[in-house]
Amino acid sequence: MLLIVVVLTFLLLESASGDAVDAYLLSIGGGDATVAQSLRQAYGLDQSMLARLWLYFSSLATFDLGWSVAFGRPVLDLILERLPNTLLLMGSATAISFGFGSALGIIAGAKPESIRDRVLSTASLILYAIPSFWLGLVLSIVFAVQLRWLPTSGIETIASGKAGIARAADIARHLILPVGALALIYMALFLRVMRSGMAEAWTLDFVLFARSKGLSRSRIVLRHVARNALLPLVTMLGLQSAAMLGGSVVIESIFAIPGFGRLAQEAVSGRDAPLLMGIIVVSAVLVVCVNLVIDLVYAALDPRVGASEPNS
Amino acid sequence: MRLLRDLLRTPEGAIGLGILAALALVALFAPVLSPGDPLRIAGRALLPPFTDPAFPLGTDRLGRDVLAGILHGTRTSLAVGLAAALAAIAIGLCVGLTAGFAGGLIDEGLMRVVDAFQIVPSFLLALAFVSVIGASVPVVVLAIALGAWADPARLTRAQVLSIRERDYVASARVIGMHPAEIAFREILPNALPPVLALSAIIVAAAILTEAALSFLGLGDPNVVTWGSMIAEGRNILRSSPSLSIFPGIALVITVIGVYLFSEGLTKAFAGRRLEP
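The model shown is predicted, which means the values in this text are computed figures rather than measured ones.

### Thoughts on the overall build of chain A
Each helix and strand in chain A was counted, giving 12 helices and two strands. Its helices and strands in sequence order give chain A the pattern α-α-α-α-β-β-α-α-α-α-α-α-α-α, from N to C terminus. Counting over 312 residues, chain A shows a buried share of 45%. For chain A, restricting intrachain contacts to residue pairs at least 6 apart in sequence, the fraction spanning at least 24 positions comes to 71%. Of the roughly 15,400 Å² that chain A leaves accessible, carbon and sulfur atoms contribute 66%.

Encoded structure:
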């Protein structure tokens, strides 16, 4: 699977007109053909396509993602340097949106078609329609520009000299707006999935059985209906992890967070094919890892899914 | 026609259809509503909104009419969204149909490609694609479709697999129908409804992706889009936030319209199944 990702990305970037050497020469104000030739030789760009694909695979096996032309540093170093910021952003956004989304979904789904349900469903529909980058801008207008409560950009105060808890608090303050922009939208999505899952679970036989047993309503809602509705929600979480990674590109660009997504944007503007390639490969690996964890969680939640069973 | 009546009977469907119809009209008649190039300089720069009746929503940094930009941006957003979704669904249907119907090695191979496209963040893919080939409307459409076809492909395949074993397909095979004829005349029409329900979501996602791409400066520079207007206004966010806010509202209304329409459609389909 990852193999296909690598080959397809390689072909895509191969079809570009002009390579990194062209972009580099343009940025230093031009150069003659011999300079370009020697640069291409140094980066191995003069070899045939298949030879370079083979070279990429063999270096990939030793976790070498190549050399970034625009930054003049190994691609893997750059990615590892930026990845923690993005993981922090995505992780907290996921946790918040999943927590609040499922909680609100339970509130809405506890009584389908009630006024509470209608209000929450409508609000989540509107929220889900908002593009994350615009929400980010509006949030920063309100909270950072007008009210001046929170910083507009960056991941921490530059050269603040803070350490330990003070630094963590500083980073948290910087992350409130970007995480909020990302989390609000996914919260709406999770709310909707949870709600519809619960509305469906209410019609199932075992819920009817629980009701006829005379169990209390809150017990039925939490133990029977919500637990059943949690399964599609967990599946959704896995499916959305790729989209969330993509969404963080835009959010990071708005709030000037030096993360993975910003790196992608810089790779695009610098025509840095090895870097772009490395970013896509690493993000694919990341999504596969997240889905692996999701599968394990799924097995823990649903006793019918055995870890040893082959699942298609 | 009956579907339309069912659709209008649900509140979501009626509102959604209303919004979409209004937007379609705006898109069609944008040149009439605000004649001339929306990218031309029309008046004094940075006119605040609601002050000059000639420019109800004000002007931007270069003195371009914001209302004209929003009206003409409707065209780009709807056209790109619809075209990308159409392309994605067409590719998805073909791949899903082939994989589900052929089975075996072809199925295995095609589904691994689908897997590959599903694990790469589609926005990153679109970003790379546009930056490699260069920004123009057809390239943006293709880039968005490239990241969106995997879901309909998977859904179509699942549908085909369940329909393939039904009795009427078996009887079609018995009377000696050509496999291609079975695929297109017997299986495809029955596999279509759930894929169509998904298509509204794909349209909404495509509109949002287009906006995000042009927000990052990867849209067609010769066409006015809401995303690029928001990006343009972002530079002077502190002094005149309205420049970014108005196109964003237009975007939100459009996407809400699509979602409501899709909810209404799903309900109409469901209601149809209940009353035979």
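Once the structure has been displayed, the description carries forward.
### Some remarks on the interface of chain B and chain A
Opposite the 38 residues of chain B that make contact, chain A presents 42 residues. Note on chain B versus chain A: buried area summed over both sides is about 3,600 Å², and carbon and sulfur give 81% of it. If you sort the residues of chain B by the area they bury against chain A, I119, L124 and V132 of chain B come out on top, with a joint share of 18%. Taken together, chain B and chain A are joined by one salt bridge. In this structure, E263 of chain B engages R192 of chain A in a salt bridge whose closest nitrogen and oxygen atoms are separated by 2.5 Å. For the pair chain B and chain A, the interface holds four residue pairs in polar contact (both at pLDDT 80 or more). Of all the secondary-structure elements, those providing two or more residues to the side of chain B that touches chain A are α4 (104–119), α5 (122–133), α9 (179–215), α10 (226–234) and α11 (242–274) of chain B. Of the residues forming the side of chain B that touches chain A, the biggest block, 11 residues, is contributed by α11 of chain B.

### Brief notes about the pattern of salt bridges
A full pass over the atoms with the stated rule returns 10 salt bridges over all chains. The closest approach of N and O atoms between E266 of chain A and R82 of chain A, which form a salt bridge, is 3.1 Å. Here R82 of chain A lies in helix α5 (residues 75–109) and E266 of chain A lies in helix α11 (residues 260–269), a separation of 184 residues in the sequence. One salt-bridge network, in which partners are shared between bridges, spans E108, R112, D115 and R154 of chain B.

### Observations regarding α4 of chain B
Compared with the 22 Å implied by 1.5 Å per residue over 16 residues, the 23 Å span of α4 of chain B between its first and last C-alpha is a close match. Those residues of α4 of chain B not exposed but buried are D107, M111, V114, D115, A116, F117 and I119 of chain B.

### Some points on the environment of F261 of chain B
All names here are of chain B. With respect to the helices and strands, F261 occurs in helix α11. Linking F261 and G13, residues 248 residues apart in sequence, is a C-alpha distance of 4.8 Å. Beyond its immediate sequence surroundings of up to four residues, F261 is in contact with L7, E12, G16, L17 and L20.

### Some remarks on a nonpolar patch on the surface
On the surface, L25, L28, F29, V32 and L33 of chain B cluster together into a nonpolar patch covering about 530 Å² of accessible area. Residue placement: F29 of chain B occurs in helix α2 (residues 11–33).

### Side note on the nonpolar core
Core analysis: the biggest nonpolar cluster contains 151 residues, and F133 and I279 of chain A together with I70, F123, L127, L213 and F215 of chain B have the highest contact counts within it. Beyond its immediate stretch of four places on either side in the chain, L213 of chain B contacts F123, A126, L127, V130, V140, I144, L218 and G219 of chain B.

### Quick notes on empty space enclosed by the protein
All names here are of chain B. This structure, assessed with the given rule, holds two cavities of 30 Å³ or more. Put simply, the largest cavity is a space of about 50 Å³. What lines the largest cavity is T76, V80, V137, V140, E210, G219, D220, V223 and T225. Every element with two or more residues in the lining of the largest cavity is listed here: α3 (66–102) and α6 (137–148). Broken down by class, the residue content of the lining of the largest cavity amounts to four nonpolar, three polar and two charged.

### Here we look at unusual backbone geometry
Even without a glycine there, the phi angle at A256 of chain A is positive, about 50°. Turning to its location among the elements, A256 of chain A is positioned in the loop between α10 (217–255) and α11.

Rules used throughout
Sequence order sets the numbering: in each chain, residues are counted from 1 along the sequence as written. Each chain gets a letter, beginning with A, and each ligand a number, beginning with 1, in the order they are written. Residues qualify for local features only when their pLDDT is at least 70, as the model is predicted, and side-chain atom pairs are given and counted only at 80 or more; totals for whole chains, interfaces and linings, by contrast, use all residues. Calculation of side-chain values draws on the structure's entire complement of heavy atoms; hydrogens and water are dropped beforehand. Helix numbers and strand numbers start at the N terminus; a helix is a DSSP run of H or I with at least 4 residues, a strand a run of E with at least 2. Accessibility here uses a 1.4 Å probe with only protein chains present; expressed as a share of the type maximum, an area under 20% marks a residue as buried, one over 50% as exposed, and anything in between as partly exposed. Only heavy atoms matter for contacts: two residues are in contact if any of them lie within 4.5 Å across the pair. Every accessible area reported is derived by Shrake-Rupley at a probe size of 1.4 Å, with residue values counting cover from the shown protein chains alone. In this description, buried area is defined as the sum, over both parts, of the accessible area (probe of 1.4 Å) that is lost when the two are combined. The rule for a salt bridge is simple: a side-chain nitrogen of Lys or Arg has to be within 4 Å of a carboxyl oxygen of Asp or Glu. Within 3.5 Å is the distance limit for a polar contact, defined as a pair of N or O atoms, with the added protein rule that one can donate a hydrogen and the other accept it, and that residues adjacent in sequence qualify only through two side-chain atoms. Expected helix span is computed as 1.5 Å times (number of residues minus one). Think of a patch as exposed residues, more than 30% relative accessible area, with no salt bridge, where like charges cluster within 9 Å and nonpolar side chains (Val, Leu, Ile, Met, Phe, Trp, Tyr) cluster within 5 Å. The definition of a nonpolar core used throughout is a set of buried Ala, Val, Leu, Ile, Met, Phe, Trp, Tyr and Cys residues joined through side-chain atoms within 4.5 Å. Of the grid points, spaced at 1 Å and generated over the protein atoms alone, those admitting a 1.4 Å probe that cannot get out make up cavities, while open sets with protein on both sides within 12 Å along at least five of seven lines make up pockets; any residue with an atom within 4 Å of a point is treated as lining. Grid points are joined across faces, edges and corners, and a volume is the space filled by probe spheres set on the points. When residues are sorted by character, Ala, Val, Leu, Ile, Met, Phe, Trp, Tyr, Cys and Pro go into the nonpolar class, Asp, Glu, Lys and Arg into the charged class, and all the rest, Gly among them, into the polar class.

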